[in-house]
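Residue-level listing of the chains:
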Amino acid sequence: MAFRIERNLFEQIQTEAKNGFPGEACGFVVERDGALSVVPVTNIQDQKHAEHPDQFPRTSATAYTMGPDAVPILVGHERGTLVIRAIYHSHPQHAAYFSAEDKMQATVWDEPSYPDAAQIVVSVIDGQVREAKAFRWDGSAADFVEVPLEVA
């Protein structure tokens, strides 16, 4: 099942990915009252790494941890005031693929945290977006698989 997104929203995600460089950018595509919007979220990975390098060995160059500004989105989704349609993040200096680390972030006990939400990964090389791909949970494969990313 493809993930379809309006061009202006996709451009917002690309801008966030470029602005986050050389670290990973992250956020959501949410639906409220039938309208989609992009909600960027702070990546606090560097802070976590500085505080607990053994527990958080990666920096924002290769990982993300969403900051407290993600909480209203997560709570809104749980309460039904909005729907998380996609979760996005960037891969600085790397291709747009769904890594083992990405899967770990997106699952709990090997099940997707948000099974109906697409995962969008944006490759940013030397500060420029090179590609973006979408992934969805495939229950039969018990993994995230690439699906068409349709920008309209």
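See above for the structure.
Please read these numbers as outputs of a predicted model, since none were measured by experiment.

The next thing to look at is the pattern of salt bridges. As enumerated under the stated definition, the model contains five salt bridges in all. When the shortest N-O distance is used, the salt bridge between E31 and R85 registers 2.7 Å. Placement of the pair is E31 in strand β2 (residues 26-32) and R85 in strand β4 (residues 83-92), with a sequence separation of 54 residues. Judged by relative accessible area, R85 falls into the partly exposed class, the value being 31%. Between K133 and E131 there is a salt bridge, with the nearest N and O atoms lying 4.0 Å from each other. Judged by relative accessible area, which is 28%, E131 ranks as partly exposed.

Turning to the packing of aromatic side chains, a few remarks are in order. Under the criterion given, the structure shown has three aromatic pairs. An angle of 40° between the planes, with centres 5.4 Å apart, marks the rings of F98 and F135 as tilted. Linking F98 in the loop between β4 and α4 (100-106) with F135 in strand β8 (residues 128-138), this pair joins segments that are 37 residues apart in sequence. Looking at F98, the relative accessible area reads 14%, which means it is buried. The interplanar angle of 45° and the centroid separation of 4.6 Å between the aromatic rings of F98 and F144 together place this pair among those described as tilted. Separated by 46 residues along the polypeptide, F98 in the loop between β4 and α4 and F144 in strand β9 (residues 143-147) bring together distant segments of the chain. Of the aromatic side chains, those joined through ring pairs into one cluster are F98, F135, W137 and F144.

Moving on, we come to the side chain of S60. Turning to its location among the elements, S60 is positioned in the loop between α2 (45-51) and α3 (71-79). The exposure class of S60 is buried, given its relative accessible area of 11%. For S60, the residues in contact, after removing those within four places along its chain, are P22, G23, E24, N43, Q45 and D46.

Bringing the nonpolar core into the picture now. In terms of nonpolar packing, the biggest core is built from 16 residues, with F3, I5, I13, V29 and I120 touching the most fellow members. Those residues in contact with I5 that lie beyond four places of it in its chain are F10, I13, V29, L149, E150, V151 and A152. In terms of nonpolar packing, the next biggest core, distinct from the first, is built from 13 residues, V30, I73, L82 and I84 among them.

This next bit is on the pairing of strand β3 (residues 35-41). As paired elements, β2 and β3 share seven bridges and run antiparallel to each other. Within the sheet, the bridge partner assigned to F28 lies in β3 and is V39. Between the end of β2 and the start of β3, which pair antiparallel, lie two residues, with D33 showing a positive phi angle near 50°.

Attention now goes to the side chain of Q119. Along the polypeptide, Q119 turns up in strand β7 (residues 118-125). Classification of Q119 by relative accessible area gives buried; the value is 4%. Dropping the residues within four chain positions of it, Q119 is found in contact with I87, F98, A106, K133, A134, F135 and F144.

Rules used throughout
- Residues numbered from 1 in each chain as written.
- Predicted model: local features only at pLDDT ≥ 70, side-chain atom pairs only at ≥ 80, totals over all residues.
- Heavy atoms only, no water.
- Salt bridge = Lys/Arg side-chain N within 4 Å of Asp/Glu carboxyl O.
- Helix = DSSP H or I, 4+ residues; strand = E, 2+ residues; numbered from the N terminus.
- Buried < 20%, exposed > 50% of the residue type's maximum accessible area, 1.4 Å probe, protein only.
- Phe/Tyr/Trp six-rings, centres within 6.5 Å; stacked < 30°, edge-to-face > 60°.
- Contact = heavy atoms within 4.5 Å.
- Core = buried A, V, L, I, M, F, W, Y, C linked by side-chain atoms within 4.5 Å.
- Pairing = 2+ DSSP bridges.

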